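Listed below are the residues making up each chain.
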Amino acid sequence: MADTAKDKEVLGEEEEEEEEEESTTTTTTTTSKKTSQWRKTRSTKTSATTKTTTLTTPAKLYGKDLSEYDDVDVESLLAQLSPEEITILAKEVDPDDNFLPPDQRCSYECSKDATGPLNRKQLIEHINKQAIETPDEPEFEPYVQGKVRGKKWVPPPRDAREIEAEEQIAIDMGDEYEHALNDATQEEIIDLAAILGFHSMMNQDQYHASLLNKGQPVGMGWDGITKSTQQKLFPMDPPNATDVEESIKRVKDDDSKLVDLNLNNIKNISDEKLEQLFAALPQNEHLEVLSLTNVGLTDKTALLLAEAIEKSKTLRVLNVETNFISPPVIVKLVQALLKCHTIEEFRASNQRSAVLGNKIEMEITDLVEKNPSLLRLGLHLEFNDARHRVAAHLQRNIDRIRVKRLNQRK
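Starting from 1, residues in each chain are numbered consecutively following that chain's sequence as written. Per-residue local features are limited, in this predicted model, to residues with pLDDT of at least 70; the limit for side-chain atom pairs, both in listing and counting, is 80 or more; totals at the level of whole chains, interfaces and linings are taken over all residues. Only heavy atoms go into the side-chain values, all of them from the structure, while hydrogens and water stay out.

Caption draft 1: Local environment of the pattern of salt bridges. Definition used for salt bridges: Asp or Glu carboxyl oxygen within 4 Å of a side-chain nitrogen of Lys or Arg. Counting across every chain of the model gives 16 salt bridges. Across the pair Glu345 and Arg347 runs a salt bridge whose closest N-O atoms are separated by 2.5 Å. Remark: exposure states derive from per-residue accessible area (1.4 Å probe, protein chains only) relative to the maximum for the residue type, with buried under 20%, exposed over 50%, and partly exposed in between. For Glu345, a relative accessible area of 15% corresponds to the buried category. You can call Arg347 partly exposed: its relative accessible area is 30%. Among the ionic contacts, a cluster of salt bridges with common partners joins Asp366, Glu369, Asp385 and Arg389.

Given below as structure tokens:
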């Protein structure tokens, strides 16, 4: 109130000065600078122009400048709160942290006691029962066929100038092109649309027929009825009929004809058989490709595989996708590739853990950058830095080996 009274006095003095200076053409209004949180306006009037300058004071919170809250210790403030006040504060805050469980991120709290363990089937049946038993809300206006309920939307009228501009648009392609398009058949126009990439003017069958030069299907012109393309039915892949015991015996005997061993999707392989297979790998000198996709590999058997990789002499491709290997054991497998200089391709995606994590990805990246023989890596890396570094290093390995082979041919 004191500041308001002072402002009125200042304005009164300014009005008296204006009355005394009627003979002049310039009137200047000034305001004194104050420390209170008020906005002041200073205007300078002349016969030609008017200049206005606005002075704003910094924003304040509870009577203090925001800069004074920078040094406030939040921990000490929280320590002064009671448990009830902390609970109220927690309900008002929604932390953006995916690592917190949902019950701690959500402000809703259920005060009811649990009636028992969660049964998803009973819960869905209860929800469906409630939905069926709950009566529908009555409509304000009953439905009558052919009658519009409510206000019907009418599009606004278009501007006459836009309509005239659209009517005046014309493309002059020359007499030669006009004559060619006028005499063209539907098939030729469809082929031209396919060449120009007008996919919305044709269906998929017409587009592929134009690209393959097979001729347009009968009844599929501009006036034809567009139908969905019938999907091709492919027979199911037969189950893997590889004899596991015989394959292990051939690996132990170092069979020269056994170059590619595929045990994919065989789910009844015991850990004892896998241990026998991995124990025979170091002595084998002819096996080059080993595929163990979806065979139930665990960390225990994967560690044995890592030891066998270190001693392998001829293995070039190793595939252990879709198993139950943890990220630390995947690092062990990638580390084992450093001692085996023959493996060029390693695949281990789609494991028990969908996300490897930043630490694991960085370890894998460092190990890959030390490997001079690896050309392909089948792992899903989430972080861009790891993906770019791995891709760049694998490309350098490919280029070096390609140059080496060219030199050997010369």
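There is more to say after this.
Caption draft 2: Up close: the nonpolar core. By size, the foremost hydrophobic cluster in this structure holds 50 residues, and its most contacted members are Phe278, Leu292, Ile309, Val320, Phe346, Ile364 and Leu377. Secondary structure is summarised from DSSP: a helix means a run of H or I of at least four residues, a strand means a run of E of at least two, and numbering begins at the N terminus for each. For this core, the secondary-structure elements that each account for two or more residues are helix H10 (244–252), helix H11 (271–280), helix H12 (299–311), helix H13 (327–336), helix H14 (358–369) and helix H15 (384–409). At six residues, H13 tops the list of elements feeding residues into this core. Here, nonpolar core refers to any group of buried Ala, Val, Leu, Ile, Met, Phe, Trp, Tyr and Cys residues whose side-chain atoms link them within 4.5 Å.

Caption draft 3: Spatial organisation of the sheet that holds strand S6 (residues 260–262). A pair of strands is considered paired only if DSSP assigns at least 2 bridges between the two. Taken together, the five strands give an open sheet; going across it, the order is S6-S7-S8-S9-S10, and neighbouring strands pair in parallel fashion. The outermost strands of the open sheet, each flanked by one partner alone, are S6 and strand S10 (376–378). In this sheet, adjacent strand axes meet at a mean angle of 5° when their direction is disregarded. Strand direction decides the pairing type here: strand S8 (residues 317–319) and strand S9 (residues 345–347), joined by three bridges, are parallel. Of the residues in S9, the one forming a bridge with Leu318 is Phe346. Interaxial angles span 0 to 180 degrees and are taken between N-to-C directions of axes, which are lines fitted to C-alpha atoms, for helices over the stretch in contact.

Caption draft 4: Local environment of the packing of H14 against H15. The N-to-C vectors of H14 and H15 enclose an angle of 15°; their axes lie 10 Å apart at closest approach. Classed by the angle they form, the pair H14 and H15 counts as roughly parallel. In this structure, the crossing between H14 and H15 has a hand that is left-handed. Of the residues in H15, those touching H14 at Glu361, Met362, Thr365, Asp366, Val368 and Glu369 are Asp385, Ala386, Arg389, Val390, His393 and Leu394. Classification convention: Asp, Glu, Lys, Arg as charged; Ala, Val, Leu, Ile, Met, Phe, Trp, Tyr, Cys, Pro as nonpolar; all other residues, Gly among them, as polar. Residues belonging to the contact of H14 with H15 are distributed by class as follows: five nonpolar, two polar and five charged. Relative orientations are named as follows: roughly parallel for angles under 35 degrees, roughly antiparallel for angles over 145 degrees, roughly perpendicular for angles from 65 to 115 degrees, and oblique for any other angle. In this scheme the handedness of a crossing depends on how the near helix is turned from the far one: anticlockwise by less than a right angle means left-handed, clockwise means right-handed. We call two residues in contact whenever any of their non-hydrogen atoms come within 4.5 Å of each other.

Caption draft 5: Quick peek at a nonpolar patch on the surface. The patches reported here contain residues having more than 30% relative accessible area and no salt bridge. Joining distances are 9 Å for like charges and 5 Å for nonpolar side chains (Val, Leu, Ile, Met, Phe, Trp, Tyr). The Shrake-Rupley method, run with a 1.4 Å probe, gives the accessible areas here. Residue values count only the displayed protein chains as cover. A surface patch of nonpolar side chains, about 600 Å² in accessible area, is lined by Leu61, Tyr62, Leu66, Tyr69, Val72 and Leu77. Given a relative accessible area of 43%, Leu77 falls into the partly exposed group.

Caption draft 6: Geometry of the packing of H10 against H11. Running from N to C, H10 and H11 cross one another at 20°; their axes reach a closest spacing of 9 Å. The angle between H10 and H11 falls in the class roughly parallel. H10 and H11 meet at a crossing whose hand is left-handed. For the pair H10 and H11, contact is made by Val244, Glu245, Ile248, Val251 and Lys252 and by Lys273, Gln276, Leu277 and Ala280, respectively. For the contact of H10 with H11, the class distribution of residues is five nonpolar, one polar and three charged.

Caption draft 7: Representation of unusual backbone geometry in the model. The phi dihedral of Asp254 falls on the positive side, at around 55°, and the residue is not glycine. Structurally, Asp254 is set in the loop between H10 and S6. Looking at Asp254, the relative accessible area reads 24%, which means it is partly exposed.

Caption draft 8: The side chain of Asn323, seen in detail. Here Asn323 lies in the loop between S8 and H13. On the basis of relative accessibility, which here comes to 3%, the residue Asn323 falls in the buried class. Counting of polar contacts relies on pairs of N or O atoms within 3.5 Å, with two restrictions inside protein: one atom must be capable of donating a hydrogen and the other of accepting it, and residues adjacent in sequence are counted only when both atoms are side-chain atoms. Here Gly296 takes part through its backbone nitrogen, which lies 3.0 Å from a polar atom of the side chain of Asn323. Other than its neighbours up to four places away in sequence, Asn323 contacts Leu292, Thr293, Asn294, Val295, Gly296, Leu297, Asn350, Gln351 and Arg352.

In short, geometric facts, not functional conclusions.
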